[in-house]
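# Breakdown of the fold
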Amino acid sequence: QDGSYLAEFLLEKGYEVHGIVRRSSSFNTGRIEHLYKNPQAHIEGNMKLHYGDLTDSTCLVKIINEVKPTEIYNLGAQSHVKISFDLAEYTADVDGVGTLRLLDAIKTCGLINAVKFYQASTSELFGKVQEIPQKETTPFYPRSPYGAAKLYAYWIVVNFREAYNLFAVNGILFNHESPRRGANFVTRKISRSVAKIHLGQLDCFSLGNLDAKRDWGHARDYVEAMWLMLQTDEPEDFVIATGEVHSVREFVEKSFKHIGKTIVWEGKNENEVGRCKETGKIHVTVNHKYYRPTEV
């Protein structure tokens, strides 16, 4: 979702935008389809796509050398926290070492003084929080392979900034959502499921920890913050957040309220269910498989 909104934002600003897309046997450009000069024929205009991968340093050097960009935004990642527990090594390779490969490619191409680099860091770095509220100086304590991989990326960006004087910044972003978010993220899972229940296509859906709390913002606002961070005179890392915390439970209640249903909670822990006050139907159940081994 971020790449899609960022490409849109930069094109509106008059940039020529280059993106890296992974090879797939099915079309994986759904979120940027509308940005093609001709969406039906996939004809490129001011947005150009290159095949590449953060696990392949050769292609990164080739693309950066060919494009000679002035700004690089690294939003590429295995970004699902829960899945990072199952794909820990792959997450480390893409999210951690992938960032190093990009930075090394900038150096190899001799563009240290010509490029501004943005790294998509994450509030997951704070993990088991050491102070409330969290700020740029709060110590990190990641609680997932995703958070740990992003921690390596964070520090390697700081390292390149201090060792080579590269204009490189970390945006420590709290959760940001949109209709373009992947369907297996909790916000989209809830909103899509509630819509399906409203349309009579679904009766019930399962969630993990209902009491998990997050700071949710909108992705469109957050990509503007990314761009603003690269327009400053000196490179600096920033926390980007709304400053408001809400629980998954509250998200569910508000979503059902939107379709005129009131959810009443019954039971405890894994036996808890969300029942519709108006019809008596159970619409939400809890499944332990959606819990994380360690919660932030």
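Not measured: the values here are computed from a predicted model. (Residues numbered from 1 in each chain as written. Predicted model: local features only at pLDDT ≥ 70, side-chain atom pairs only at ≥ 80, totals over all residues. Heavy atoms only, no water.)

## Details of the sheet that holds strand β13 (residues 273-276)
Adjacent strands of a sheet pair through backbone hydrogen bonds, lying either parallel or antiparallel. Strand order in the open sheet made by the four strands is β7-β14-β13-β12, with mixed pairing throughout. Both edges of this open sheet fall to β7 (205-207) and β12 (263-266), since each of them pairs with a single strand only. Taking the axes of each pair of neighbouring strands and ignoring which way they run, one obtains an average angle of 25 degrees across the sheet. Strand direction decides the pairing type here: β12 and β13, joined by four bridges, are antiparallel. Bridge pairing in β13 links Ile-263 to Cys-276. The sheet contacts of helix α6 (residues 186-198) involve β7 and β14 (282-286), and relative to β7 the element is tilted by about 160 degrees. The strands touched by helix α8 (residues 248-258) are β7, β12 and β14; relative to β12, the strand with the most contacts, the crossing angle is about 145 degrees. (Pairing = 2+ DSSP bridges. Helix = DSSP H or I, 4+ residues; strand = E, 2+ residues; numbered from the N terminus. Axes fitted to C-alpha atoms, helices over the stretch in contact; angles between N-to-C directions. Contact = heavy atoms within 4.5 Å.)

## Here's the deal with the environment of Leu-103
In this fold, Leu-103 is placed in helix α4 (residues 88-108). Accessibility expressed as a relative area gives 0% for Leu-103, which makes it buried. Placed 35 residues apart in sequence, Leu-103 and Lys-68 show a C-alpha to C-alpha distance of 14 Å. Apart from residues no more than four positions distant in its own chain, Leu-103 is found in contact with Phe-117, Ile-156, Val-157, Phe-160 and Leu-166. (Buried < 20%, exposed > 50% of the residue type's maximum accessible area, 1.4 Å probe, protein only.)

## Things to note about the nonpolar core
Formed by 25 residues in total, the largest nonpolar core has its most connected members in Leu-10, Tyr-73 and Tyr-118. Top contributing element to this core by residue count: helix α7 (residues 219-230), with eight residues. Setting aside anything within four residues of it in sequence, one finds Tyr-73 in contact with Leu-6, Leu-10, Tyr-118, Met-226, Trp-227, Leu-230 and Gln-231. Core analysis: the next-biggest nonpolar cluster, separate from the first, contains 20 residues, Leu-60, Ile-106, Val-115 and Phe-117 among them. (Core = buried A, V, L, I, M, F, W, Y, C linked by side-chain atoms within 4.5 Å.)

## Let's talk about the UniProt feature "domain: NAD(P)-binding" (unreviewed entry) in the protein
As annotated in UniProt, the feature "domain: NAD(P)-binding" (unreviewed entry) corresponds to residues 1-296 in the numbering used here. Taken end to end, residues 1-296 comprises 35% helix and 19% strand; its first and last C-alpha atoms sit 23 Å apart. (UniProt positions renumbered as here; feature names shortened; annotations may be inferred.)

## Topic: the environment of Trp-155
Relative to the helices and strands, Trp-155 resides in helix α5 (residues 145-164). It is 52 Å that separates the C-alpha atoms of Trp-155 and Glu-278, two residues lying 123 residues apart in sequence.

## Regarding unusual backbone geometry
Each neighbour pair has its own omega, and for Ile-132 with Pro-133 the value is -5 degrees, a cis peptide bond. Take Pro-133: it is sitting in the loop between β4 (116-122) and α5. One non-glycine residue, Asn-165, lies in the positive phi region at around 65 degrees. Along the chain, the position of Asn-165 falls in the loop between α5 and β5 (167-173). The exposure class assigned to Asn-165 is exposed, which follows from its relative accessible area of 65%. Positive phi, normally seen in glycine, also occurs at Asn-269, with a value near 50 degrees. With respect to the helices and strands, the residue Asn-269 is situated in the loop between β12 and β13. Residue Asn-269 is classed as exposed on the basis of its relative accessible area of 61%.

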